[in-house]
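# Chain and residue survey
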Amino acid sequence: MTSDKAMISVVTPVYGCTDCLEALVDAVRHALSETGLNWELILVDDRGPDDPWPTICELSALDSRVRGVRLSRNHGQHLAIWAGLQASKGDWVAVIDCDLQDDPAIIPALLEQAKEDPELQAVVVERGKWKDSWFRRAASRFFYWFIDTLVGVRLNNNVGNFGIYSRRLVNILLQFREQEVFLPVMVALTSQKRGFYVLDRSDRAAGESSYNLLRLMRLAVAIIIRFSDRPLKLSVIVGLLFSTASAGFSVLILIAWSVNAFTVPGWTSIILSVWFLSGLILAVLGVHGFYLGRVFAEVQQRPRILIDCETISGEVVEFTPEPVQANRKW
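In this text, all values refer to a predicted model and were calculated from it rather than measured experimentally.

With that settled, the discussion passes to the environment of Gly36. When you line up the elements, Gly36 lands in the loop between helix H1 (21-33) and strand E2 (38-45). Relative accessible area serves as the criterion here: at 35%, Gly36 is assigned to the partly exposed category.

Before going further, it helps to spend a moment on the pattern of salt bridges. One pass over the full model with this rule turns up 10 salt bridges. When the shortest N-O distance is used, the salt bridge between Asp63 and Arg29 registers 3.3 Å. A residue pair is termed long-range when its members are at least 10 positions apart, and Asp63 in the loop between helix H2 (53-62) and strand E3 (66-71) and Arg29 in helix H1 qualify at 34 residues. Residue Asp63 is classed as buried on the basis of its relative accessible area of 9%. Between Arg70 and Asp51 there is a salt bridge, with its nearest N and O atoms 3.5 Å apart. Here Asp51 lies in the loop between E2 and H2 and Arg70 lies in strand E3, a separation of 19 residues in the sequence. Exposure remark for Asp51: the relative accessible area of 39% places this residue in the partly exposed category. The network of salt bridges with common partners includes Asp26, Arg29, Asp63 and Arg65.

So, on to the pairing of E2. Among the eight residues in E2, seven count as buried, and that is most of the element. Pairing analysis gives eight bridges linking strand E1 (residues 7-14) to E2, with the strands arranged parallel. Note that in E2 the partner of Met7 across the bridge is Asn38. With respect to chirality, the unit in which E1 leads through H1 into the neighbouring parallel E2 is right-handed. Here five bridges tie E2 to E3, and the two strands are oriented parallel to one another. In the strand pairing of E3, Leu41 is matched with Val66.

Next up on the list: the side chain of Asp97. Topologically, Asp97 is positioned in the loop between strand E4 (92-95) and helix H4 (107-116). Classification of Asp97 by relative accessible area gives buried; the value is 17%.

Our next topic: the environment of Val185. Relative to the assigned elements, Val185 resides in helix H7 (residues 183-189). Classification of Val185 as buried rests on a relative accessible area of 0%. Taking the C-alpha atoms as reference, Val185 lies 10.0 Å from Asp148; in sequence the two are 37 residues apart.

A separate point is a nonpolar patch on the surface. A surface patch of nonpolar side chains, amounting to about 290 Å² of accessible area, comprises Leu234, Ile237 and Leu241. Leu241 gets classed as exposed once you look at its relative accessible area, which sits at 56%.

Time to look at the state of the cysteines. Overall, the coordinates contain one disulfide when judged by the stated rule. Cys17 shares a disulfide with Cys98; S-S distance 1.9 Å. Handedness of the Cys17-Cys98 disulfide follows from its S-S torsion of about -120°: it is left-handed. Here the residue Cys17 occupies a position in the loop between E1 and H1, and Cys98 occupies one in the loop between E4 and H4, the gap between them amounting to 81 residues.

This paragraph deals with the sheet that holds E2. Reading across from one edge, E7-E5-E6-E4-E1-E2-E3-E8-E9 is the order of the nine strands in this open sheet, with mixed pairing throughout. The open sheet has two free edges, formed respectively by strand E7 (194-199) and strand E9 (315-318), since each of these has just one partner strand. Looking at each pair of strands side by side, their axes are set apart by 20° on average, direction ignored. Across three bridges, E3 lies against strand E8 (residues 307-312) in antiparallel orientation. Opposite Leu71, over in E8, you have Ile307 as the bridge partner. H1 rests against E1, E2 and E3 of the sheet, and its axis sits at about 160° to E2.

As a further point, take the pairing of E3. The element E3 is largely enclosed, with a buried count of six among its six residues. Residue alternation in E3 divides its side chains into two sets, Val66, Gly68 and Arg70 and Arg67, Val69 and Leu71, and both sets are buried. At this point the chain moves from E2, through H2, to the parallel E3, and the crossover so formed is right-handed.

Before going further, it helps to examine helix H3 (residues 77-87). Across the 11 residues of H3, nine count as buried, placing the element largely inside the fold. Within H3, the full set of buried residues consists of His78, Leu79, Ala80, Ile81, Trp82, Ala83, Gly84, Leu85 and Ala87.

Moving on, we get to the nonpolar core. Formed by 44 residues in total, the largest nonpolar core has its most connected members in Leu71, Trp82, Phe143, Tyr165, Phe182, Leu183 and Ile223. Ranked by residue count, the leading element in this core is H3, at seven residues. Val25, Trp92, Val125 and Phe162 belong to the second largest nonpolar core, which has 35 residues in total.

The rules behind the values
Per chain, the residues get numbers from 1 upward, laid out in the order the sequence is written. A pLDDT threshold of at least 70 governs which residues receive local features in this predicted model, and a stricter bar of 80 or more applies before side-chain atom pairs are shown or counted, although totals over entire chains, interfaces and linings include all residues. Hydrogen atoms and water are omitted, and side-chain values are computed over all heavy atoms in the structure. Only DSSP runs of H or I reaching four residues or more are called helices, and only runs of E reaching two or more are called strands; each is numbered from the N terminus. To sort residues, take the accessible area from a 1.4 Å probe on protein chains only and compare it with the maximum for the residue type: under 20% means buried, over 50% means exposed, and anything in between is partly exposed. Just to be clear on terms, a salt bridge is a Lys or Arg side-chain nitrogen sitting within 4 Å of an Asp or Glu carboxyl oxygen. Two strands qualify as a pair provided DSSP detects at least 2 bridges between them. Classification remark: right-handed applies to a crossover when, strands pointing away from the viewer, the course from the first strand over the helix to the second runs clockwise. Candidates for patches are residues over 30% relative accessible area with no salt bridge; among them, like charges are joined within 9 Å and nonpolar side chains (Val, Leu, Ile, Met, Phe, Trp, Tyr) within 5 Å. Methods summary: accessible areas were calculated by the Shrake-Rupley approach with a probe of 1.4 Å, and residue burial reflects only the protein chains presented. Working definition: a disulfide is two cysteine sulfur atoms within 2.5 Å of each other. Comment: axis = line fitted to C-alpha atoms, over the contacting stretch for helices; angle = value between 0 and 180 degrees taken between N-to-C directions. By definition, residues are in contact when any of their heavy atoms lie within 4.5 Å. Throughout, nonpolar core names a set of buried Ala, Val, Leu, Ile, Met, Phe, Trp, Tyr and Cys residues whose side chains join them through atoms within 4.5 Å.

Pasting the structure below:
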């Protein structure tokens, strides 16, 4: 599927790890320069608090194969990856983290595994032993279980973004028009054949993970609302169950009333029932509100990614978007 002179694009979102960018560039250069392959490294500045753009510009000026893309604001990891995919030119695109937990040295091995099977469109790294804390591992497992249950897309808990993807698969991914993106789910939705490469994660060279439990939960909710309607179906099932239970309870109350089992009217049970069912109704309405909010965000058709500038041959160039033809007639 690829020739020995295939071009490799390495895409990495940059956030909170400016101190290790030079080491990252050296690691990618060392990993790919000896293979005889053409390569480029795309560093996507996701507007981190440590302002990595000056460092990215310096690295790009020293090596024209290093390209920088600066987003206009913080978009989040996956949209930053999407910006890198859009800018990539390679026959294969590798996605890695900027903190060197993903070892660039195995990119050639991923490519070789992909070459062994012409039907493979991606080789994704399956993380072996984690070196993160117990809480971080537990939060990640819960995150993937939550997605598996409510989205219906089976994701391996040890699989993240790290991997190599064919140009065909990347072009398919770029056809997705959703405002919310999540690479592992969208790769699974393409139904393209994937392979896996087992590798223990390395220590983080700089920075800390920005995904705490709250952010993981927010991301999981956004993914579920975007990629699945199961919560809506679940709300219908819960409503039917409560309706059935209330009908059965009504029969029991009627029987008890007919045999004079009630001696004192029970206001407490009535109030508690009203409060509980009112809370349930509001919760179900809230789920529907999430979906309405997502529909509202989608129909606005705002640009998904706003790019400020990029580096070309070491020079910083202001990004100029292509003109869009208006569909409406005035």
